[in-house]
Amino acid sequence: MSEPDDQLALEVDPSVTVAISERRDGDERTLRIGPLAEPDARALAAFLLNRRAVPATALGPWRLAVAGGVRTVLLER
């Protein structure tokens, strides 16, 4: 018979970093945001992509056409 574990356990959402790359007229800009809780990172990715949501199990990359180029968003664990 094992004794109960007296340590506290705290479940935390997995954290991810949001990587954004935008190419316009030959120039490329990149930005990394995080670490963020995964639900917050997914909400930010959806916002940056002008979507209601991004697939719950996918990490990307997702692309969005922007004036003069393309924006790429990727979630990194």
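First, a word on scope: everything that follows refers to the structure included in this document. (Residues numbered from 1 in each chain as written. Predicted model: local features only at pLDDT ≥ 70, side-chain atom pairs only at ≥ 80, totals over all residues. Heavy atoms only, no water.)

### Section: the overall build of the chain
In plain terms, the rule: Each helix is a run of H or I in the DSSP string that is no shorter than four residues. Each strand is a run of E no shorter than two, and both are numbered from the N terminus. Restricting the calculation to C-alpha atoms gives the radius of gyration, and the globule rule supplies 2.2 Å times the number of residues raised to the power 0.38. Accessibility here uses a 1.4 Å probe with only protein chains present; expressed as a share of the type maximum, an area under 20% marks a residue as buried, one over 50% as exposed, and anything in between as partly exposed. We call two residues in contact whenever any of their non-hydrogen atoms come within 4.5 Å of each other. Methods summary: accessible areas were calculated by the Shrake-Rupley approach with a probe of 1.4 Å, and residue burial reflects only the protein chains presented. As used throughout, the charge tally considers Lys and Arg to be positive and Asp and Glu to be negative, leaving His and the chain termini uncounted. Just so you know, the charge point we use is NZ for Lys, CZ for Arg, CG for Asp and CD for Glu.
Within the chain, the secondary structure is distributed over 1 helix and 4 strands. The N-to-C order of helical and strand elements in the chain reads β-β-α-β-β. In terms of overall dimensions, the chain is more spread out than a globule: its C-alpha atoms have a radius of gyration of 17 Å, far above the 11 Å expected for 77 residues. Oriented by its inertia axes, the alpha-carbon framework of the chain measures out at about 65 × 20 × 15 Å. Looking at the 77 residues of the chain, the share that counts as buried comes to 27%. Considering only contacts in the chain between residues 6 or more positions apart, those separated by 24 or more positions represent 41%. For the chain, the exposed area adds up to about 6000 Å²; of that, 52% sits on carbon and sulfur atoms. Once the 10 positive and 12 negative side-chain charges of the chain are each reduced to a mean point, those two points are 15 Å apart.

### Topic: the nonpolar core
Threshold: Residues belong to a common nonpolar core when they are buried Ala, Val, Leu, Ile, Met, Phe, Trp, Tyr or Cys residues joined through side-chain atoms within 4.5 Å.
Residues V16, V18, I20, A41, A45, A46, L48, L49, V54, W62, V73 and L75 constitute the largest nonpolar core, which totals 12 residues. Elements that contribute at least two residues to this core include exactly strand 1 (15-24), helix 1 (38-48) and strand 4 (69-76). Take this core: its biggest share by element is 4 residues, from helix 1. Each residue touching L49, except ones within four places of it in the same chain, is listed here: V54, W62, R63, L64 and V73.

### Things to note about the pairing of strand 3 (residues 62-66)
Keep this limit in mind: Here, strands pair whenever DSSP counts at least two bridges between them.
Examined bridge by bridge, strand 3 and strand 4 share 5 bridges and lie antiparallel to one another. What sits directly across from W62, in strand 4, is V73. Between the antiparallel neighbours strand 3 and strand 4 lie 2 residues, among them G68 with a positive phi of about 80°.

### As for the sheet that holds strand 4
Test applied: Convention adopted: a line fitted to C-alpha atoms gives each axis, helices being fitted over their contacting stretch, and angles between N-to-C directions are expressed from 0 to 180 degrees.
Taken together, 4 strands build an open sheet; the order of strands is 2-1-4-3 and the sheet is antiparallel. The open sheet is flanked by strand 2 (27-37) and strand 3, the only strands paired with a single partner. Across the sheet, the axes of successive neighbouring strands diverge by a mean angle of 15°, strand direction being ignored. When strand 1 meets strand 2, the two strands line up antiparallel, connected through 9 bridges.

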